[in-house]
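Structural features, examined
Each chain, letter by letter, is given below.
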Amino acid sequence: MLHFTKFAAATFAAASLMIGAASAQTVLRSSDTHPDGYPTVEAVKYFGELVKERTNGRYSVEVFHSAQLGEEKDTIEQVRSGVIDLNRVSMGPFNGLIPETTVPSLPYIFRSVDHMRKVMDGEIGEEILAAFEPHGVIGLAFYDGGARSFYNSKKPIESKDDLQGMKFRVMQSDIFVDMVNALGANATPMPYGEVYSGIETGVIDGAENNFPSYDTAKHAEVAKFYSLDEHLIVPEVLVMAKSTWDKMTPEDQAIVKQAAKDSVAKQRELWDAKEKESRAIVEAAGSTITMPDKQPFIEAMGPVYEKHVTDPKLKDLVERIKAVQ
Ligand code: GTR
């Protein structure tokens, strides 16, 4: 009897230990619009591995790629309300919510991708990440989305004037609508997942994006003319639900923050390779790439800056970004 009781007690203790361990394992759900293998998807997986290792398995990350959890506008709401824990999105769809995100989303604000990386790696980047918290999300790190250019199904764009009257899809932000209008074209904001059929059915003539998106979303199949005007260099961002963050200990929060930072180099390495690969893929499949003079594009952006940069804080941010060498 004594023997049995001891055995039962030990079993019970072992079982409760296991229950304790199981309940301490939290799987963080993360959303991404891109397919498996895309640089952002792989970078978030890598971030998850680091978090798992450094928290001794208390936290892990599951990435739901290919917009399984919804389009970016919707997943931003899901992460704000704590339905999902993490979200990797462009800064564009955050523009209506967080004024500071509008500045890195302005056309031609960055001179190059290197300029963007330098700004976002420095104190300006930290300041912009901190601006997310009052809106229910924690900004963890910025990823690279390269430069975005126009593509269409109708004709090669040799100069800014060739865009006149054409219809382009943009991300859901007023800045991009005004940018396209300032170029003499017409903008249609719509979710990423609707672009392919939009072009195929002629609802829009084209869209604008970087080579990896143009390639992996198969837009190159229906819009063969890509013009390298590089009007936007909008960073991508990895955010966490504030409700998830608030449940973590300060030590685990520090681990999450550091793991996100550590995943940036990985994402950039993957990004640089993917950009080259995608460009080669679309060219081999018959896309033509034109190089219009960028100067008239840059000069047309005055009204966009006048309309969207009125707040002194944002004006100062624009000046400080431009001053970064
Ligand atoms: C991609 C970006 C996505 C999404 C998409 C779009 O370049 O990585 O997060 O914003 O563009 O145009 O909607």
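Our subject in this report is the structure included herewith. Keep in mind the model is a prediction, meaning the values are calculated, not measured. (Residues numbered from 1 in each chain as written. Predicted model: local features only at pLDDT ≥ 70, side-chain atom pairs only at ≥ 80, totals over all residues. Heavy atoms only, no water.)

1. Some details on the overall build of the protein
Rules: Only DSSP runs of H or I reaching four residues or more are called helices, and only runs of E reaching two or more are called strands; each is numbered from the N terminus. Partly exposed residues are those whose accessible area sits between 20% and 50% of the maximum for their type, while under 20% is buried and over 50% is exposed, using a 1.4 Å probe and protein chains only. Two residues qualify as a contact provided that any one of their heavy atoms is within 4.5 Å of a heavy atom in the partner residue. Note on areas: these come from Shrake-Rupley sampling with a 1.4 Å probe, and a residue is covered only by the protein chains present in the view.
When helices and strands are tallied, the protein shows 14 helices and 11 strands. Counting only C-alpha atoms and orienting by the principal axes, one finds that the protein spans roughly 90 × 45 × 30 Å. Per-residue burial for the protein yields a buried fraction of 52% across its 325 residues. Partitioning the intrachain contacts of the protein with sequence separation of at least 6 by distance along the chain shows that 75% fall at a separation of at least 24. Within the structure as shown, the protein displays about 14,300 Å² of accessible surface, and the carbon and sulfur contribution to it stands at 56%.

2. Digging into the site of the ligand
As a reminder, the rule being used: One heavy atom suffices: a residue is near a molecule or strand as soon as one of its heavy atoms comes within 4 Å of it. Under this definition, polar contacts are N or O atom pairs within 3.5 Å; protein pairs additionally need one hydrogen-donor-capable and one acceptor-capable atom, and for neighbouring residues in sequence, both atoms have to be side-chain atoms. Lys, Arg, Asp and Glu make up the charged group, whereas Ala, Val, Leu, Ile, Met, Phe, Trp, Tyr, Cys and Pro make up the nonpolar group; the residues left over, Gly among them, are polar.
The ligand sits among 13 residues. The nearest are His34, Glu72, Arg169, Asn209 and Glu236. His34 places a polar side-chain atom, nitrogen or oxygen, 2.7 Å from an oxygen atom of the ligand. A distance of 3.1 Å is found between an oxygen atom of the ligand and a side-chain nitrogen or oxygen belonging to Asn210. In the complex, 98% of the free accessible area of the ligand, which totals 320 Å², lies under the protein chains. In the shell around the ligand, the residues fall into two nonpolar, six polar and five charged.

3. Regarding the packing of helix 2 (residues 39-54) against helix 11 (residues 250-284)
The description of two packed helices rests on the angle between their axes and on the distance between the axes. Under the convention used in this document: Only the stretch in contact is used when a helix axis is fitted, and all axes are lines through C-alpha atoms; the angle between N-to-C directions ranges over 0 to 180 degrees. The scheme is simple: roughly parallel for angles under 35 degrees, roughly antiparallel for over 145, roughly perpendicular for 65 to 115, oblique for anything else. Each crossing gets its hand from how the near helix is turned against the far one by less than a right angle, where anticlockwise is left-handed and clockwise is right-handed.
For the pair helix 2 and helix 11, the least separation of the axes is 8 Å and the interaxial angle reads 150°. Considering their axes alone, helix 2 and helix 11 lie roughly antiparallel with respect to each other. Both helix 2 and helix 11 take part in a crossing whose hand is right-handed. Residues Pro39, Thr40, Glu42, Ala43, Tyr46, Phe47, Leu50, Val51 and Arg54 of helix 2 touch helix 11, and the partners they reach there are Ile255, Val256, Gln258, Ala259, Ala260, Asp262, Ser263, Lys266, Gln267, Leu270, Trp271 and Lys274. Looking at side-chain class alone, the contact of helix 2 with helix 11 contains 12 nonpolar, four polar and five charged residues.

4. Overview of the pattern of salt bridges
Stated formally: Salt bridge, as used here, is a side-chain nitrogen of Lys or Arg placed within 4 Å of a carboxyl oxygen of Asp or Glu.
On inspection of all chains with the given rule, the structure shows 24 salt bridges. Between Lys45 and Glu42 there is a salt bridge; the shortest N-O distance is 3.0 Å. Highlighted residues: Lys45 and Glu42, both in helix 2, separated by three residues, approximately one helical turn. For Lys45, a relative accessible area of 30% corresponds to the partly exposed category. Lys294 is paired through a salt bridge with Glu230; the nearest N and O atoms lie 2.8 Å apart. Linking Lys294 in the loop between strand 11 (288-290) and helix 12 (295-299) with Glu230 in strand 9 (residues 225-232), this pair joins segments that are 64 residues apart in sequence. Taking relative accessible area as the criterion, Glu230 reaches 30% and is therefore assigned partly exposed.

From the geometry alone we can't say anything about function, so treat these as descriptive.
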